[in-house]
Amino acid sequence: EDMDNNTPASGGFKGGLGSLFGGGTPEYSNTELAGVPLTGMSPLSPYLNVDPRYLVQDTDEFILPTGANKTRGRFELAFFTIGGCCITGTAFGTLNGLRMGLTETRGMPWSKPRNVQILNMVTRHGASWANTLGSVALLYSVFGVAFEKARGAEDDLNTVAAGTLTGMLFKSTAGLKGAARGGLIGLAMSGLYALYNNWDHLKGTSPSHY
């Protein structure tokens, strides 16, 4: 009789803890738990007062602010684009300056003047290429953000238009022919990027997201 009297009390005690920590979650018997498919999961203990169906996630979930998109916009990507182009220009200019410095000082013995001349070549070319690619990335990002805000949409048209205007403005100091040539180069490069970005869609397959 004591055990029978303790059974409701223990149930009430567990119910009290359940309402305190979980809001009174329902309890499931072993038979009910055995019928729940656990795809990609190991069987759970029947003593856990948790519905296993709530633990199976079929889709990715992200913690985002209200109204935010799952993909970054052009303004967020602008910082990465400008910084990446500056670093790339510095690396390329450094290697090019080192190659040119070694070539021009080939007839000199290894001495302090030769080292200084090579170092000057490396520094000058590294800074020049970083400035060039950084300026192009800045112009492209500004035009891209402006088109996105003006049109209220983010698509490949913004990419192609921003690339074309970037080439035209960057080579505008060379006259109309230079601006036209720069615009064609920007149009070709941005068009190739848009084509690469939509290659999976053109093939009829869904693009992969990482």
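Residues numbered from 1 in each chain as written. Predicted model: local features only at pLDDT ≥ 70, side-chain atom pairs only at ≥ 80, totals over all residues. Heavy atoms only, no water.

1. Focus on the overall build of the chain
Move 1: When helices and strands are tallied, the chain shows 7 helices and 0 strands.
Move 2: Reading the secondary structure of the chain in the N-to-C direction produces α-α-α-α-α-α-α.
Move 3: Within the chain, the fraction of its 210 residues that count as buried is 19%.
Move 4: In the chain, once contacts between residues fewer than 6 apart in sequence are set aside, the share between residues at least 24 apart is 49%. (Helix = DSSP H or I, 4+ residues; strand = E, 2+ residues; numbered from the N terminus. Buried < 20%, exposed > 50% of the residue type's maximum accessible area, 1.4 Å probe, protein only. Contact = heavy atoms within 4.5 Å.)

2. Notes on the side chain of R74
Move 1: Structurally, R74 can be placed in helix α3 (residues 74-104).
Move 2: Judged by relative accessible area, which is 11%, R74 ranks as buried.
Move 3: Looking at R74, its side chain comes within polar contact range of the side chain of E154, at 2.8 Å.
Move 4: With residues up to four places along the chain from it excluded, the contact list for R74 reads Y140, G144, V145, E148, E154, D155, N158 and T159. (Polar contact = N/O pair within 3.5 Å; in protein donor to acceptor, adjacent residues only side chain to side chain.)

3. Re the UniProt feature "transmembrane region" (unreviewed entry) in the chain
Move 1: UniProt's feature table lists "transmembrane region" (unreviewed entry) at residues 77-98 and 178-196, given in the numbering used throughout.
Move 2: Each end of residues 178-196 is marked by a C-alpha atom, and these two atoms are 27 Å apart; helix forms 100% of the span and strand 0%. (UniProt positions renumbered as here; feature names shortened; annotations may be inferred.)

4. Overview of a nonpolar patch on the surface
Move 1: Together, L192, L195, W199 and L202 make up an exposed nonpolar region whose accessible area comes to about 430 Å².
Move 2: Sorting the residues of the nonpolar patch by element identifies α6 (175-197) and α7 (199-203) as the ones contributing at least two each.
Move 3: Tracing the backbone through its elements, the reader meets L192 in helix α6.
Move 4: Given a relative accessible area of 57%, L192 falls into the exposed group. (Patch = residues over 30% accessible without salt bridge, like charges linked within 9 Å, V, L, I, M, F, W, Y side chains within 5 Å. Areas by Shrake-Rupley, 256 points an atom, 1.4 Å probe, with all protein chains shown as cover. Salt bridge = Lys/Arg side-chain N within 4 Å of Asp/Glu carboxyl O.)

5. Structural notes on the state of the cysteines
Move 1: Scanning all chains against the criterion turns up 0 disulfides.
Move 2: For C85, which is in no disulfide, the shortest distance to another cysteine sulfur is to C86 and amounts to 7.2 Å.
Move 3: Under the relative-accessibility criterion, C86 is labelled partly exposed at 28%. (Disulfide = S-S within 2.5 Å.)

6. Side note on the side chain of S141
Move 1: Checked against the element boundaries, S141 lands in helix α4 (residues 112-151).
Move 2: Residue classification places S141 among the buried residues on the basis of a relative accessible area of 9%.
Move 3: Once residues within four sequence positions are removed from consideration, S141 is found in contact with A78, T81 and I82.

7. Let's talk about the packing of α4 against helix α5 (residues 156-170)
Move 1: In the contact formed by α4 and α5, the axes pass within 8 Å of each other and the chain directions differ by 135 degrees. Classified by the angle their axes make, α4 and α5 are oblique. Read as a crossing pair, α4 and α5 show a hand that is right-handed. In contact with T132, V136, L139, Y140, F143, G144, F147, E148 and R151 of α4, α5 contributes L157, N158, T159, A161, A162, G163, L165, T166, L169 and F170.
Move 2: For the contact of α4 with α5, the class distribution of residues is 11 nonpolar, 6 polar and 2 charged. (Axes fitted to C-alpha atoms, helices over the stretch in contact; angles between N-to-C directions. Parallel < 35°, antiparallel > 145°, perpendicular 65-115°, else oblique. Left-handed = near helix turned anticlockwise from the far one by under 90°. Nonpolar A, V, L, I, M, F, W, Y, C, P; charged D, E, K, R; others polar.)

8. Overview of the pattern of salt bridges
Move 1: For the structure shown, the criterion picks out 2 salt bridges.
Move 2: In this structure, the salt-bridge partner of R74 is E154, at a minimum N-O distance of 2.8 Å. One end of the pair, R74, is in helix α3; the other, E154, is in the loop between α4 and α5, and 80 residues separate them in sequence.
Move 3: Between R151 and D155 there is a salt bridge whose closest N-O contact spans 2.9 Å.
Move 4: Take D155: its relative accessible area is 29%, and that puts it in the partly exposed class.

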